Number of protein chains: 2
Amino acid sequence: MPTEIPADSVGLVSPRKHLFEEPLQLDCGAALPGYELVYETYGTLNAAADNAVLICHALSGDHHAAGYHKAEDAKAGWWDNCIGPGKPVDTNHFFVVCPNNLGGCAGSTGPLSINPATGRAYGPDFPIVTVRDWVESQARLADVLGIRSWAAILGGSLGGMQALQWSIDHPERVRHAAVIAAASKLSTQNIAFNEVARQAIRSDANFHGGRYYEHGVVPQHGLMLARMLGHITYLSDDVLHARFGRELRDGKLNFGYDVEFQIESYLRHQGTSFVGRFDANTYLLMTRSLDYFDPAARHGDNLTQAVKQAKAKFLVVSFSSDWRFSPARSREIVRALLDADRDVSYVEIESELGHDSFLLEIPRYHAVLRTYFERIRAEFRP
Amino acid sequence: MPTEIPADSVGLVSPRKHLFEEPLQLDCGAALPGYELVYETYGTLNAAADNAVLICHALSGDHHAAGYHKAEDAKAGWWDNCIGPGKPVDTNHFFVVCPNNLGGCAGSTGPLSINPATGRAYGPDFPIVTVRDWVESQARLADVLGIRSWAAILGGSLGGMQALQWSIDHPERVRHAAVIAAASKLSTQNIAFNEVARQAIRSDANFHGGRYYEHGVVPQHGLMLARMLGHITYLSDDVLHARFGRELRDGKLNFGYDVEFQIESYLRHQGTSFVGRFDANTYLLMTRSLDYFDPAARHGDNLTQAVKQAKAKFLVVSFSSDWRFSPARSREIVRALLDADRDVSYVEIESELGHDSFLLEIPRYHAVLRTYFERIRAEFRP
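Everything numeric in this text was worked out from a predicted model, so none of it was measured.

Draft legend 1. Spatial organisation of the overall build of chain A. When helices and strands are counted, chain A shows 10 helices and 12 strands. Computed over its C-alpha atoms, the radius of gyration of chain A comes to 21 Å, within 12% of the 21 Å expected for a compact globule of 382 residues. Over its C-alpha atoms, taken along the principal directions, chain A stretches across nearly 70 × 55 × 50 Å. The proportion of buried residues among the 382 residues of chain A is 62%.

Written as structure tokens, this is what we have:
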């Protein structure tokens with residue numbers, strides 16, 4: 001292994017794929033005739049198959065959570081600071097599984113895949129999948145991997161919603177659910193931002209009703225706008241101020257619409273680089289899945305009733321400056337869990353970094369995860 | 001006058017126009033060879049010409065602040081609840097002037113106007129005008145109207161910024177400045193939202209580099225997105241929740257990208273109706289003018305030094321749930337005014353309605369304005 005790869009990394013990893021040939025009935029009423037999930041694993045499943053941890057990704061994430069695909073990769077997986085030998089989710093002890101969600105654009109079946117019914121890419125015909133659908137698709141992956149019950153399911157943002165849904169839908173299969181920087185349902189403002197992002201994509205002249213693949217184009221402006229807007233909501237006002245302030249790129253005003261302020265340059269860069277790596281139809285689908293998430297809805301709009309189904313123990317974490325999913329939203333989950341007499345630990349981490357905090361190596365946050373996962377390990381150790 | 005027009009309205013009004021033939025030197029270095037301002041007046045200028053109030057409009061406002069253009073108009077001017085006989089800005093006593101800003105799209109010279117140098121619409125060639133430029137253009141209007149000094153200059157949001165700039169640039173001509181729901185400069189987050197709005201407009205396939213008039217189209221999708229995004233920031237999370245919650249338009253999910261939630265319907269409606277009444281080039285210009293506003297910049301980044309120029313008395317008002325220009329931003333202005341030993345009254349109004357509050361008839365807010373303007377009246381009464 002080349003010297004560039006740090007010793008506490010899971011090292012070089014290769015994604016795996018599984019084809020599920022049995023149809024999957026979806027929340028929307030449609031059924032997928034079959035589907036593939038691409039996933040990565042780190043660490044080793046023990047003989048009792050009780051040391052498995054499922055990592056659920058957020059809106060723009062994928063299955064590459066840790067390690068490197070090639071020695072020359074500039075960047076490790078998106079949660080590499082958290083997953084690895086000696087890291088909070090310690091791969092010396094846990095067998096970690098991270099799939100790309102159904103409907104994604106990183107290798108699992110989604111809008112980019114060929115629709116067997118038509119022989120061309122699904123595009124806009126790919127059904128909207130929900131958090132419940134993801135849980136079902138992931139449960140089948142667990143079956144394939146021989147995992148009857150997860151030691152823990154861990155996710156931030158939309159990933160935390162999956163952890164919560166798993167605990168409700170498969171109580172016997174989740175021993176711990178770690179719900180980070182999430183909410184039990186989107187606020188009106190959250191939905192509103194998603195709607196602007198979707199309209200940006202769908203009104204792009206290159207969208208072609210979602211069939212842009214067939215036109216050899218992508219709705220790049222719309223996807224770029226969606227990502228720029230997303231970034232504003234991922235970061236706090238304070239951290240934007242601290243990082244960029246009102247700093248001018250050229251040190252003076254140019255009285256035009258090219259970049260004047262450094263923040264504009266940052267947002268444009270984030271937007272354009274996203275266009276190169278993400279599919280617009282998947283972005284639409286993921287935001288709708290976020291909008292729809294509301295596990296209480298099937299329980300008389302009573303979150304306490306919903307989480308009464310769960311048997312897991314819970315870790316709920318929020319970040320003080322996260323205004324997309326504020327601590328108040330996490331406390332709603334905690335209150336419901338307490339009212340349902342579930343075992344829950346709640347930590348609000350002081351952080352200026354906004355919603356993005358859940359991806360960052362914030363010492364107190366990582367200490368909480370480390371301690372929690374050490375406690376889990378104690379449960380399956382002889 | 002038809003019975004539909006309420007007794008406390010200024011009634012039927014007609015805009016007036018003035019052509020300024022002398023060139024106007026702008027902050028950006030360019031000069032306008034001449035310009036027109038369209039404006040409305042309500043009430044009567046007294047013999048001493050000391051009862052005049054200037055109303056400065058915000059991003060999407062215009063000169064039609066009060067009354068009706070036609071008896072059959074469904075809506076009165078944008079600040080009709082505040083301006084009229086017996087209203088907080090009482091036209092029985094004050095002579096009220098409201099111009100459309102230079103660069104606007106409601107009749108004053110702007111991107112829609114013919115550029116005398118080319119014989120076609122300015123479009124993107126219209127120079128970016130700043131708050132200082134507006135103040136200069138309005139000062140010339142005051143000269144034309146025979147107003148040496150304003151009893152008060154009043155504005156909300158970008159309008160409040162003009163009131164503040166006036167007090168600094170023309171200390172002898174402003175006796176009171178009422179700065180409502182404003183800030184002494186935009187935050188990084190504010191600039192970031194403006195940048196997304198501008199990119200939405202400029203990346204619209206119908207934008208044509210700002211020359212869309214010549215193509216017989218408008219960048220409607222981009223302008224719609226800008227307005228939708230604006231609306232999210234004008235309203236608080238709480239009021240969005242109270243008004244729309246997660247209510248579904250059809251009472252059930254349809255699993256698609258048409259309107260599912262009422263909030264989506266509201267935003268789309270706000271967006272499309274805006275396209276019919278506002279010009280995209282003006283939107284770009286107004287947001288840049290907001291970005292650039294920073295009166296402290298010419299005084300060593302010291303707001304106290306900047307407002308030391310002023311001789312006016314100040315009323316500063318903020319609204320508790322305004323997260324676009326939060327009370328903290330108003331308090332920065334108040335602190336600078338106090339440090340500069342200026343006379344300032346500050347009120348933070350409890351309101352769930354977000355930034356939009358400054359346009360609404362909130363009893364305590366209007367009581368504050370009424371009392372303040374009664375005090376002003378006492379100064380010019382014999």
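Draft legend 2. Spatial organisation of the packing of aromatic side chains. Across all of its chains, the model carries 34 aromatic pairs over all chains by this definition. With 4.6 Å between their ring centres and 65° between their planes, Tyr212 of chain A and Tyr213 of chain A make a pair best called edge-to-face. For Tyr212 of chain A, a relative accessible area of 1% gives the class buried. Summarising the aromatic geometry, the rings of Phe278 of chain A and Tyr283 of chain A are spaced 6.2 Å apart at their centres and angled 85° between planes, so their arrangement reads as edge-to-face. When its relative accessible area of 3% is taken as the criterion, Tyr283 of chain A is described as buried. An aromatic cluster is present here, built from Phe193 and Trp323 of chain A together with Phe193 and Trp323 of chain B joined pairwise through their rings. One Lys or Arg, Arg227 of chain A, reaches over the ring of Phe274 of chain A and ends 4.2 Å from the middle of that ring.

Draft legend 3. Quick look at helix 10 (residues 363–380) of chain A. Residue and element names in this part refer to chain A. With 18 residues, helix 10 should reach 26 Å at 1.5 Å per residue; the first-to-last C-alpha distance of 26 Å fits that figure. Looking at helix 10, one finds that the buried residues are Tyr365, His366, Val368, Leu369, Tyr372, Phe373, Ile376, Arg377 and Phe380. Where the residues of helix 10 are buried, they touch strand 5 (52–56), strand 7 (89–90), strand 9 (152–156), strand 10 (176–180), strand 11 (313–319) and strand 12 (344–349).

Draft legend 4. Seen up close, the sheet that holds strand 12 (residues 344–349) of chain B. Residue and element names in this part refer to chain B. The eight strands lie next to each other as 1-4-8-5-9-10-11-12, forming an open sheet whose pairing is mixed. In the strand order of this sheet, the two ends are held by strand 1 (16–20) and strand 12, each with one partner. Strand after strand, the sheet turns through a mean of 20° between neighbouring axes, direction not considered. Bridge count between strand 5 (residues 52–56) and strand 9 (residues 152–156): four bridges; the pairing is parallel. Within strand 9, the position partnered with Leu54 by the bridge is Ile153.

Draft legend 5. Representation of the state of the cysteines within the structure. All names here are of chain B. Tallying each qualifying case throughout the model produces zero disulfides over all chains. No disulfide involves Cys56; its sulfur sits 7.7 Å from that of Cys98, the nearest cysteine. Residue Cys56 is classed as buried on the basis of its relative accessible area, which comes to 1%.

Draft legend 6. Just the confidence of the model for chain A, in detail. Scored by pLDDT, chain A comes out at a mean of 96, with 99% of its residues at no less than 70. With a pTM of 0.97, the predicted complex shows an ipTM of 0.96.

Draft legend 7. Just unusual backbone geometry, in detail. In the Ramachandran plot, Phe255 of chain A falls in the positive-phi region, its phi being about 55° despite a non-glycine side chain. Position of Phe255 of chain A relative to the elements: it lies in the loop between helix 5 (237–243) and helix 6 (262–275). Its identity as a non-glycine residue notwithstanding, His208 of chain B has a phi of 50°, on the positive side. Mapped onto the elements, His208 of chain B comes out in the loop between helix 3 (188–202) and helix 4 (220–234).

Draft legend 8. Seen up close, the relation of the copies chain A and chain B. For the pair chain A and chain B, the relating rotation is 180°, the translation along its axis is 0.0 Å, and the fit reaches an RMSD of 0.0 Å. The operation mapping one copy onto its partner corresponds to a two-fold rotation axis. Closest to the rotation axis within chain A is the C-alpha of Ala205 of chain A, separated from it by 3.1 Å. Interface overlap between copies: 98% of the residues of chain A at the interface are likewise at the interface in chain B, consistent with a symmetric, same-surface contact.

Draft legend 9. Structural view of the interface of chain A and chain B. Taken together, the contacts link 53 residues of chain A with 52 residues of chain B. Taken together, both faces of the contact between chain A and chain B bury some 4,600 Å²; the carbon and sulfur share is 66%. Sorting the residues of chain A by area buried against chain B places Arg246, Phe255 and Tyr257 of chain A first, and these three jointly supply 19% of that buried surface. Where chain A packs against chain B, one counts eight salt bridges. Two residues, Glu264 of chain A and Arg288 of chain B, come together in a salt bridge whose shortest N-O distance is 2.8 Å. Here chain A is connected to chain B by 24 residue pairs in polar contact (both at pLDDT 80 or more). No other element matches the 11 residues that helix 3 (residues 188–202) of chain A contributes to the side of chain A that touches chain B.

Draft legend 10. Quick look at the packing of helix 6 of chain A against helix 3 of chain B. Across the interface, helix 6 of chain A lies against helix 3 of chain B with an axial gap of 9 Å and an inter-helix angle of 55°. Classified by the angle between their axes, helix 6 of chain A and helix 3 of chain B sit oblique to one another. Relative to helix 3 of chain B, helix 6 of chain A is oriented so that their crossing is right-handed. Contact residues: Ile263, Glu264, Leu267 and Arg268 of chain A in helix 6 of chain A; Thr188, Ile191, Ala192, Glu195, Arg198 and Gln199 of chain B in helix 3 of chain B. Partitioning the contact of helix 6 of chain A with helix 3 of chain B into residue classes produces four nonpolar, two polar and four charged.

Draft legend 11. Structural view of helix 3 of chain B. For helix 3 of chain B, with 15 residues, the first-to-last C-alpha span of 21 Å sits near the 21 Å given by 1.5 Å per residue. Taken across its 15 residues, helix 3 of chain B has 14 buried, putting it largely inside the fold.

Draft legend 12. Up close: the environment of Gly276 of chain A. Residue position: Gly276 of chain A is located in the loop between helix 6 and helix 7 (280–292). Sequence-wise, Gly276 of chain A and Glu21 of chain A are 255 residues apart; in three dimensions their C-alpha atoms are separated by 31 Å.

Draft legend 13. Geometry of the pairing of strand 8 (residues 95–99) of chain B. All names here are of chain B. By the criterion of burial, strand 8 is predominantly enclosed, with five of the five residues buried. Sheet analysis places strand 4 (residues 35–42) next to strand 8, joined by four bridges and oriented antiparallel. Bridged to Tyr42 within strand 8 is Val96. Across three bridges, strand 5 lies against strand 8 in parallel orientation. Opposite Val53, over in strand 8, you have Val96 as the bridge partner.

Thresholds applied
- Residues numbered from 1 in each chain as written.
- Chains lettered and ligands numbered in written order.
- Predicted model: local features only at pLDDT ≥ 70, side-chain atom pairs only at ≥ 80, totals over all residues.
- Heavy atoms only, no water.
- Helix = DSSP H or I, 4+ residues; strand = E, 2+ residues; numbered from the N terminus.
- Rg over C-alpha atoms; globule rule 2.2 N^0.38 Å.
- Buried < 20%, exposed > 50% of the residue type's maximum accessible area, 1.4 Å probe, protein only.
- Phe/Tyr/Trp six-rings, centres within 6.5 Å; stacked < 30°, edge-to-face > 60°.
- Lys NZ or Arg CZ within 6 Å of the ring centre and 35° of its normal.
- Expected span 1.5 Å × (residues − 1).
- Contact = heavy atoms within 4.5 Å.
- Pairing = 2+ DSSP bridges.
- Axes fitted to C-alpha atoms, helices over the stretch in contact; angles between N-to-C directions.
- Disulfide = S-S within 2.5 Å.
- pLDDT = per-residue confidence, 0-100.
- Least-squares fit on C-alpha atoms with pLDDT ≥ 70 in both.
- Buried area = accessible area lost by both parts, 1.4 Å probe.
- Salt bridge = Lys/Arg side-chain N within 4 Å of Asp/Glu carboxyl O.
- Polar contact = N/O pair within 3.5 Å; in protein donor to acceptor, adjacent residues only side chain to side chain.
- Parallel < 35°, antiparallel > 145°, perpendicular 65-115°, else oblique.
- Left-handed = near helix turned anticlockwise from the far one by under 90°.
- Nonpolar A, V, L, I, M, F, W, Y, C, P; charged D, E, K, R; others polar.

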